[in-house]
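A structural walkthrough
The primary structure of each chain is shown beneath.
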Protein chains: 2
Amino acid sequence: MQEQEYEQIFSRFLAKKGLRLTLPRKQILDAVFSLHSHFDAEQLFDVLRIRNAEVSLATVYRTLPLLLESGLIQHSMRQESRDVYEHIFGHPRHLHWICRQCGSVSETSLDDIMPYLERSAREQHFELEDFSLNLMGLCWRCKNENRNQ
Amino acid sequence: MQEQEYEQIFSRFLAKKGLRLTLPRKQILDAVFSLHSHFDAEQLFDVLRIRNAEVSLATVYRTLPLLLESGLIQHSMRQESRDVYEHIFGHPRHLHWICRQCGSVSETSLDDIMPYLERSAREQHFELEDFSLNLMGLCWRCKNENRNQ
DNA sequence: GAATAAATGAGATTCATTCTCAACAAGGAC
DNA sequence: GTCCTTGTTGAGAATGAATCTCATTTATTC
Ligand SMILES: [Mn+2]
Ligand SMILES: [Mn+2]
Ligand SMILES: [Zn+2]
Ligand SMILES: [Zn+2]
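Residues numbered from 1 in each chain as written. Chains lettered and ligands numbered in written order. Predicted model: local features only at pLDDT ≥ 70, side-chain atom pairs only at ≥ 80, totals over all residues. Heavy atoms only, no water.

In the superposition of chain A on chain B (RMSD 0.0 Å, axial shift 0.0 Å), the rotation amounts to 180°. Both chain copies can therefore be described as sitting about a two-fold axis. Relative to the rotation axis, the C-alpha of A:Leu133 is the closest in chain A, positioned 2.3 Å from it. The fraction of interface residues of chain A whose copies in chain B are also interface residues reaches 100%, indicating that both copies meet through the same surface. (Least-squares fit on C-alpha atoms with pLDDT ≥ 70 in both. Contact = heavy atoms within 4.5 Å.)

What follows is the structure in structure tokens.
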């Protein structure tokens, strides 16, 4: 398999910090990019086990902040008292609509909103690094379901 | 002291659920509205102790979801692995700029953004109940500080 | 091939939050 | 009033995601 671009990015990021792209880190990285949805630490750990990667949960927890700092993943939301992430390299930023009843999450574009946030950041001389916009309520499905009762 | 409007609101909310505005709940409510900044459960508990209200921490944790559901407070952010709230009754919604270095939080208006969110919610038939928009990065202060080193 | 610094797994620990449970109050029916 | 149901509370136990400790291993530098 050819070297992925995300691997180069992570490897360079690590090198800049005097760290190395070890096998466990590479396996975690690959697992993260094998997933195409939101995940928490435990789910990522499960994926690693399925892929026969011998990585401990401690190392998963240790690697997540590195992936965050490298910009390859983002912290997306907190659900059921777990931190939820997703990879963002190669994906446009988006916002999350979270149904409080069924827990479903859907995504929409940030295009309309970004310019305002960027302008506001500039006005305050705030160096924006990351952000999250999560909207809670009832999805159309649950809304209808509630109505029919 | 005259009865506060928030008390009426909370009382009615509770009644609708078959619950009562007991003394501990009233004391928690008053403590929440005596604060004019973000707070977490422990900080609220401290305020209650200072005000000589004999309320247990368990009751604080039990009352926060009720206050949330009543719409009197909102969950503002998560900081240092604590859930942070603030009362919103009588305050305009706003977004948070959180400095990752000094931990400071500043607020700006949501006016520019709200219409887009509301339109987007309508388009998806999503019933929006709550949301949070938190922006992480470096405040101007920390940005300058880092530059001068 | 020493010396140094980073990395790891296993298991212990932390600590915000939730749960359990026994005791207590409020309110309605009679 | 008493009985009964339901809600409320404090104290302390339990939970569990996330972090930390430490002994051991691995890579890098000189
Ligand atoms: Mn997403
Ligand atoms: Mn605020
Ligand atoms: Zn739903
Ligand atoms: Zn700062």
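Moving on from the coordinates now.
The next thing to look at is the sheet that holds strand S2 (residues 73-79) of chain A. Residues and elements named next belong to chain A. If you trace the three strands from one edge of the open sheet to the other, you get S1-S3-S2, paired in antiparallel fashion. On the outer flanks of this sheet lie strand S1 (39-40) and S2, each paired with one strand and no other. Packed onto the sheet, helix H4 (residues 57-70) meets S1, S2 and strand S3 (82-87) and runs at close to 120° relative to S2. (Pairing = 2+ DSSP bridges. Helix = DSSP H or I, 4+ residues; strand = E, 2+ residues; numbered from the N terminus. Axes fitted to C-alpha atoms, helices over the stretch in contact; angles between N-to-C directions.)

Right, let's get into the coordination of the manganese ion (ligand 2). All names here are of chain B. The manganese ion (ligand 2) binds to the protein through His38 (NE2), Glu86 (OE), Glu86 (OE), His94 (NE2), His96 (NE2) and Glu107 (OE), with metal-donor distances spanning 2.1 to 2.5 Å. In this structure, the manganese ion (ligand 2) is coordinated by six donor atoms arranged in irregular fashion, with angles at the metal of 56 to 172°. We note that the donor set of the manganese ion (ligand 2) lies within a single chain, spaced as H-x47-E-x7-H-x1-H-x10-E. Pair noted here: histidine 38 is in the loop between helix H2 (23-34) and strand S1 (39-40) and histidine 94 is in strand S4 (residues 94-99), with a separation of 56 residues, a long-range link. Judged by relative accessible area, which is 13%, histidine 94 ranks as buried. (Donors = N, O, S within 2.8 Å, 3.2 Å for Na, K, Ca; no water. Tetrahedral: all angles 85-135°; square planar, octahedral: opposite > 155°, others 65-115°. Buried < 20%, exposed > 50% of the residue type's maximum accessible area, 1.4 Å probe, protein only.)

This part covers the protein's contact with DNA strand D. Contacts to DNA strand D come from 20 residues, most closely from B:Thr22, B:Arg25, B:Ser56, B:Thr59 and B:Arg62. Counting only atoms of DNA strand D within 4 Å of the protein, the fraction found in sugar and phosphate groups is 79%. Side-chain polar atom of A:Asp83 to a phosphate oxygen of DNA strand D: 3.0 Å apart, as the coordinates give it. Note that a phosphate oxygen of DNA strand D is positioned 2.7 Å from one of the side-chain N or O atoms of B:Ser56. Looking at the surface near DNA strand D residue by residue, the class counts come to six nonpolar, five polar and nine charged. (Near = heavy atom within 4 Å. Polar contact = N/O pair within 3.5 Å; in protein donor to acceptor, adjacent residues only side chain to side chain. Nonpolar A, V, L, I, M, F, W, Y, C, P; charged D, E, K, R; others polar.)

Further remarks concern the layout of surface pockets. One number sums up the size of the largest pocket: a volume of about 2,000 Å³. Considering the residues around the largest pocket, the lining is formed by 50 residues, among which A:His75, A:Met77, A:Arg78, A:Ser132 and B:Arg78 are closest to the centre. In terms of residue class, the lining of the largest pocket is built from 16 nonpolar, 18 polar and 16 charged. (1 Å grid on protein atoms, 1.4 Å probe; cavity = no way out; pocket = protein on both sides within 12 Å on 5 of 7 lines; lining within 4 Å. Points joined across faces, edges and corners; volume = space filled by probe spheres on them.)

Here we take up the pairing of strand S2 (residues 73-79) of chain B. All names here are of chain B. Bridge analysis of S2 against strand S3 (residues 82-87) gives six bridges, and the strand direction is antiparallel. Along S3, the bridge assignment pairs isoleucine 73 with histidine 87. Hairpin connection of S2 to S3: two residues between the antiparallel strands, including glutamate 80 at a positive phi of 55°.

Okay, the interface of chain A and chain B next. The interface of chain A with chain B comprises 33 residues on the first partner and 33 residues on the second. Roughly 2,900 Å² of surface becomes buried between chain A and chain B when both sides are summed, with 59% attributable to carbon and sulfur atoms. Of all residues in chain A, A:Trp97, A:Phe126 and A:Met136 bury the most surface against chain B, accounting for 21% of the area lost on that side. Our enumeration of links across chain A and chain B arrives at four salt bridges. B:Asp112 is paired through a salt bridge with A:Arg119; the nearest N and O atoms lie 3.4 Å apart. Between chain A and chain B we count 14 residue pairs in polar contact (both at pLDDT 80 or more) in total. (Buried area = accessible area lost by both parts, 1.4 Å probe. Salt bridge = Lys/Arg side-chain N within 4 Å of Asp/Glu carboxyl O.)

So, to be careful, I would describe these as geometric facts and stop short of saying anything about function.
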